[in-house]
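Summary of structural features
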Amino acid sequence: MKYTQLGRTGLKVSRLVLGTMNFGPQTDEPTSHGILDAALDAGLNFVDTANVYGWGENKGRTEEIIGTWFAQGGGRREKTVLATKVYGSMSREGETWPNEDRLSALNIRRAVEASLKRLQTDHIDLYQFHHIDRRTPFEEIWQAVDVLIQQGKILYAGSSNFPGYKIAQANETAARRGMVGLVSEQCLYNLAERRAEMEVIPAAQEYGLGVIPWSPLHGGVLGGVIKKEVEGGRRASGRAADALANSTVRTQIQAYEDLLEKHGLEPGETALAWLLTRPGVTGPIVGPRTAEQLDSALRALELELSEEVLTGLDEIFPGPGPSPEAFAW
């Protein structure tokens, strides 16, 4: 396993992040525990979740599965850098009540306590804001975070789905309070979706945040979806099906798969390996539903992409270019 420091912190994390969104909804508890064990055995120490994972009437279920894994002992908690998130409503359908979502000091306090209970731990290593809260000032957010850090319930704070200007606003406010501020940003970023390169990633680099890309395969679009259709009759679904319905995108994905076939590369592994070459990226989130999918993701760590392949990928999926030149002079 390869490790790096999370942004400007001294915290060492693996260059792949184990995403757990499938634990509960698609992967049962025993299988989820098996994936967590296999990841830890491989040296993958960074585990990401969110309080709303489990979804619907099962919000919080994913954190519970991780909690029962920690409860087995064997150094599982001690070896894990644990990240979770707050923002989404935890109310059940028909039971909506004020202050059960967003980033008010009250909800942050309640959400941390609830996550700690489900996760069966006394602290969260990286507590992330799942979305910007346009109603709550950062002064209030940082006041709540400061209290939790002093209590030892969280160690670092991070963001997710923040635009560049909010990263700047958050960290300038934190600096005025003498606080560390955000140390990571979890954003949508992959070969097929590179808009984060315009503002989000430059802001993260300027303020010393580690970038944690989610959906590195763009919902399966970059995982060899056309080849799977041809060879196995497996029809694309979800985001992949929507993307391939666009003839321009389908042509682009076909060119991507043809390039990798020429070089003997697997699409999913290549998409992950490409992210590992990008400036500012700590590590992409992989969300395996099975142990086999985890093995495939781990192989990406050993994959060296040639300049010819990298150039070909840029030609197929050109980035937006630097800001402001991408949209101004």
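Use the structure listed above.
This structure is a prediction, so every number in the text was calculated from the model and none was measured.

About the criteria used
- Residues numbered from 1 in each chain as written.
- Predicted model: local features only at pLDDT ≥ 70, side-chain atom pairs only at ≥ 80, totals over all residues.
- Heavy atoms only, no water.
- Helix = DSSP H or I, 4+ residues; strand = E, 2+ residues; numbered from the N terminus.
- Rg over C-alpha atoms; globule rule 2.2 N^0.38 Å.
- Buried < 20%, exposed > 50% of the residue type's maximum accessible area, 1.4 Å probe, protein only.
- Lys, Arg positive; Asp, Glu negative; His and termini not counted.
- Charge placed at Lys NZ, Arg CZ, Asp CG, Glu CD.
- Pairing = 2+ DSSP bridges.
- Right-handed = clockwise from strand over helix to strand, strands pointing away.
- Core = buried A, V, L, I, M, F, W, Y, C linked by side-chain atoms within 4.5 Å.
- Contact = heavy atoms within 4.5 Å.
- Salt bridge = Lys/Arg side-chain N within 4 Å of Asp/Glu carboxyl O.
- Axes fitted to C-alpha atoms, helices over the stretch in contact; angles between N-to-C directions.
- Parallel < 35°, antiparallel > 145°, perpendicular 65-115°, else oblique.
- Left-handed = near helix turned anticlockwise from the far one by under 90°.
- Nonpolar A, V, L, I, M, F, W, Y, C, P; charged D, E, K, R; others polar.
- Arc of directions from axis to C-beta.

1. Observations regarding the overall build of the chain
Tallying secondary structure elements over the chain gives 13 helices and ten strands in all. Relative to its length of 329 residues, the chain is compact, with a C-alpha radius of gyration of 20 Å against a globular reference of 20 Å. With the principal axes as the frame, the chain shows a C-alpha extent of 55 × 55 × 40 Å. Residues classed as buried in the chain amount to 51% of the 329 residues present. Taking the 34 positively charged and 43 negatively charged side chains of the chain as two groups, their mean positions are separated by 4 Å.

2. Thoughts on the pairing of strand 5 (residues 81–86)
A regular strand places its side chains on the two faces of the sheet in alternate fashion. Along strand 5, six of the six residues are buried, which leaves the element largely enclosed by surrounding structure. Residues Val81, Ala83 and Lys85 of strand 5 are buried on one face, and the alternating residues Leu82, Thr84 and Val86, pointing to the opposite face, are buried as well. Pairing of strand 4 (residues 46–48) with strand 5, which is carried by three bridges, proceeds in the parallel orientation. When the sheet's bridge partners are listed, valine 47 is paired in strand 5 with leucine 82. The pairing of strand 5 with strand 6 (residues 124–129) spans four bridges and is parallel. Bridge pairing links lysine 85 to glutamine 128 in strand 6. Tracing the backbone out of strand 5, into helix 4 (residues 105–119) and back to the parallel element strand 6 gives a crossover that is right-handed.

3. A few points about the environment of arginine 289
Of note, arginine 289 is situated in the loop between strand 10 (285–286) and helix 12 (291–299). Judged by relative accessible area, arginine 289 falls into the partly exposed class, the value being 32%. Linking arginine 289 and glycine 181, residues 108 residues apart in sequence, is a C-alpha distance of 33 Å.

4. Concerning the nonpolar core
Inside soluble globular proteins, nonpolar side chains tend to come together where they are buried. Ile108, Phe129, Trp142, Tyr256 and Leu313 are the most contacted members of the largest nonpolar core, which has 81 residues in total. Setting aside its immediate chain neighbours within four residues, tyrosine 256 contacts Leu191, Leu222, Pro267, Thr270, Ala271, Leu313, Ile316 and Phe317. Core analysis: the second largest hydrophobic core is formed by eleven residues, Phe46, Val81, Ala83 and Leu126 among them.

5. A few points about the pattern of salt bridges
For side chains bearing opposite charge, pairing can occur when the charged atoms are close. Enumeration according to the criterion identifies 16 salt bridges in this entry. Of the charged contacts, one joins glutamate 63 and arginine 118 as a salt bridge, the two residues approaching to 2.7 Å between their closest N and O atoms. Taken together, the positions of glutamate 63 in helix 2 (residues 61–70) and arginine 118 in helix 4 put the pair 55 residues apart, joining distant regions of the chain. Here the two residues glutamate 63 and arginine 118 agree in accessibility, since each one is buried. As a salt-bridge pair, arginine 102 and aspartate 133 come within 3.8 Å of each other at their nearest N and O atoms. Placement of the pair is arginine 102 in the loop between strand 5 and helix 4 and aspartate 133 in the loop between strand 6 and helix 5 (138–150), with a sequence separation of 31 residues. For arginine 102, a relative accessible area of 23% translates into the label partly exposed. Using a relative accessible area of 5% as the deciding quantity, one classes aspartate 133 as buried. A single network of salt bridges, built from pairs that share partners, joins Arg194, Glu197, Arg278 and Asp314.

6. Things to note about the packing of helix 1 (residues 29–41) against helix 2
Where helix 1 meets helix 2, the closest approach of the two axes is 10 Å, and the angle between their N-to-C directions is 60 degrees. It follows from the interaxial angle that helix 1 and helix 2 lie oblique. In this structure, the crossing between helix 1 and helix 2 has a hand that is right-handed. Counting all contacts with helix 1, which are made through Glu29, Ser32, His33, Leu36, Asp37 and Leu40, the residues of helix 2 involved are Arg61, Ile65, Thr68 and Trp69. Across the contact of helix 1 with helix 2, the residue classes tally to four nonpolar, three polar and three charged.

7. Thoughts on the environment of leucine 305
Tracing the chain through its elements places leucine 305 in the loop between helix 12 and helix 13 (307–316). Taking the C-alpha atoms as reference points, leucine 305 and alanine 157, separated by 148 residues in sequence, lie 33 Å from one another. Beyond its immediate sequence surroundings of up to four residues, leucine 305 is in contact with Leu265, Thr270, Ala273, Trp274, Leu310 and Leu313.

8. What to know about the pairing of strand 6
Across the six residues that make up strand 6, a large majority, six, are buried. Looking at chain direction, strand 6 and strand 7 (residues 154–160) are connected through five bridges and run parallel. Looking across to strand 7, one finds that glutamine 128 is bridged to glycine 158.

9. Structural notes on helix 8 (residues 225–232)
One turn of an α-helix holds 3.6 residues; hence residues three or four places apart share an orientation. Every buried residue of helix 8 is accounted for by Val225, Ile226 and Glu229. Down the axis of helix 8, the smallest arc covering the buried residues is 105 degrees, so these residues share one side. Turned more than 90 degrees away from the buried face of helix 8, the exposed residues are Glu231 and Gly232. Buried residues in helix 8 make contact with helix 9 (238–244) and helix 10 (247–262).

These values are about where atoms sit, not about what they do.
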